[in-house]
Amino acid sequence: MEMTDLGPLRVSRFTLGTWSFAGGGIWGDRQKAESIRIVHRAMDAGVNLIDTAEGYGDGDSEEVVGEAVQGRRTSVFLATKFLPQRISRPEDIRSMCEASLGRLKTDYIDLYQQHWPFENPSFSNEDVQEVVEGLIAEGKIRHFGVCNFGPGNLKTSTLPIISDQIAYSLAFRAIEFEMLPYLKTRKLGVLTYSALMQGLLSGKYLTAEDFPGGRKRTRHFSGENEAARHGGAGHEELTFTLVRRLRDIAEDSGLTLPACGTGWVLAQPGISSVIVGAGTEQQLEENLKHFETSLSEDLLKKLTEVSEELKNAMGPNADLWQGASRIS
């Protein structure tokens, strides 16, 4: 497994994402035993960073991960997140952190992340900084990161941030407009999620009608979908035209669309590690193979060029789910 630096952490370029472990309306039924086997197999393959969040099934994912790493805790970095909308005062971060520690069955979190920027908080950035630095001093968290922070959010923060976790894929390139250039100047680690857009780039779904209804939440889809909340027209025709064209390019190259989608993100400058989930052990094995596939410069160029139209249509709003972006 190829390794890289995420701030002071030496991590695998494959980060195991565990949102799907929570199951529910978005991901369907999940068996805990299989999720635990997925964690063990990923670790055996050299994956040493696992990403979860209290918001994934209201702590369900954290509990599965915590059980899975028992006896192997020192061989893996655990990253989890707190939800800012649940916080009414900075001290709440401490209680949320301690609850995550309990579910993860550990006494420290390697990378504790703020899931989204605060919206109109009644407290100061300095108050939050005091709580976070206190948790670091006590050893309850080792490093602090953020998710979905843009240049504006980062410029006004005094938190000890080592990384930013952001959405990035061939079907969603919003971070290229402003975010990636800024993150490079700050020399922050970059974790990316949704490399395959929750299955959109799996190659299984060639029309909007084919795609699972519970996942039609992003701005790719019409705001009239029950799961969506952005209220916009979406880009369904353009999105699935891209999917079909990407599939054809992949097949012409003798590769699968997921291999091209993952490989393209891995090849982009400034990306530290790519978060990829797996609902089954078979999916994990396929995803592991994608990290062993190196894409040629010619193929990378084709993939980039064919995805430009959707990139420009969706624009620089890096919030996948809301038209009024929470990311500045």
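Owing to the predicted nature of the structure, the values given are computational and were not obtained by experimental measurement.

**Observations regarding the pattern of salt bridges**
Following the criterion strictly, the structure yields 21 salt bridges and no others. Put simply, glutamate 176 and arginine 173 hold a salt bridge, and the shortest N to O gap is 2.9 Å. When the shortest N-O distance is used, the salt bridge between arginine 173 and glutamate 308 registers 3.1 Å. Of this pair, arginine 173 sits in the loop between β8 (161-167) and α7 (179-186) while glutamate 308 sits in helix α12 (residues 308-314); the two residues are 135 residues apart in sequence, bridging distant segments of the chain. Owing to a relative accessible area of 3%, arginine 173 belongs among the buried residues under this scheme. Taking relative accessible area as the criterion, glutamate 308 reaches 27% and is therefore assigned partly exposed. Here the residues in one salt-bridge network are Glu54, Asp58, Glu62, Arg86 and Arg103, joined through shared partners.

**With respect to the pairing of strand β7 (residues 141-147)**
A regular strand carries its side chains on alternate faces of the sheet. Counting buried residues along β7, six of its seven residues qualify, which places the element largely inside the surrounding structure. Examined bridge by bridge, strand β6 (residues 109-114) and β7 share five bridges and lie parallel to one another. Within the sheet, the bridge partner assigned to isoleucine 109 lies in β7 and is isoleucine 141. Of the crossover connections in this fold, the one passing from β6 over helix α5 (residues 125-137) to the parallel β7 is right-handed. Across three bridges, β7 lies against β8 in parallel orientation. Within β8, the position partnered with valine 146 by the bridge is aspartate 164.

**Regarding the packing of helix α8 (residues 236-252) against helix α11 (residues 297-306)**
Packed helices, taken two at a time, are described by their axes: the angle between them and the distance between them. Between α8 and α11, whose axes approach to 10 Å, the crossing angle comes to 170°. Judged by the angle between their axes, α8 and α11 are roughly antiparallel. Each of Leu242, Arg245, Leu246 and Ile249 in α8 lies in contact with α11, whose residues at this interface are Leu299, Lys302, Leu303 and Val306. Among the residues making up the contact of α8 with α11, the classes are represented as six nonpolar, no polar and two charged.

The rules behind each value
- Residues numbered from 1 in each chain as written.
- Predicted model: local features only at pLDDT ≥ 70, side-chain atom pairs only at ≥ 80, totals over all residues.
- Heavy atoms only, no water.
- Salt bridge = Lys/Arg side-chain N within 4 Å of Asp/Glu carboxyl O.
- Helix = DSSP H or I, 4+ residues; strand = E, 2+ residues; numbered from the N terminus.
- Buried < 20%, exposed > 50% of the residue type's maximum accessible area, 1.4 Å probe, protein only.
- Pairing = 2+ DSSP bridges.
- Right-handed = clockwise from strand over helix to strand, strands pointing away.
- Axes fitted to C-alpha atoms, helices over the stretch in contact; angles between N-to-C directions.
- Parallel < 35°, antiparallel > 145°, perpendicular 65-115°, else oblique.
- Contact = heavy atoms within 4.5 Å.
- Nonpolar A, V, L, I, M, F, W, Y, C, P; charged D, E, K, R; others polar.

So yeah, pure geometry; function would need other evidence.
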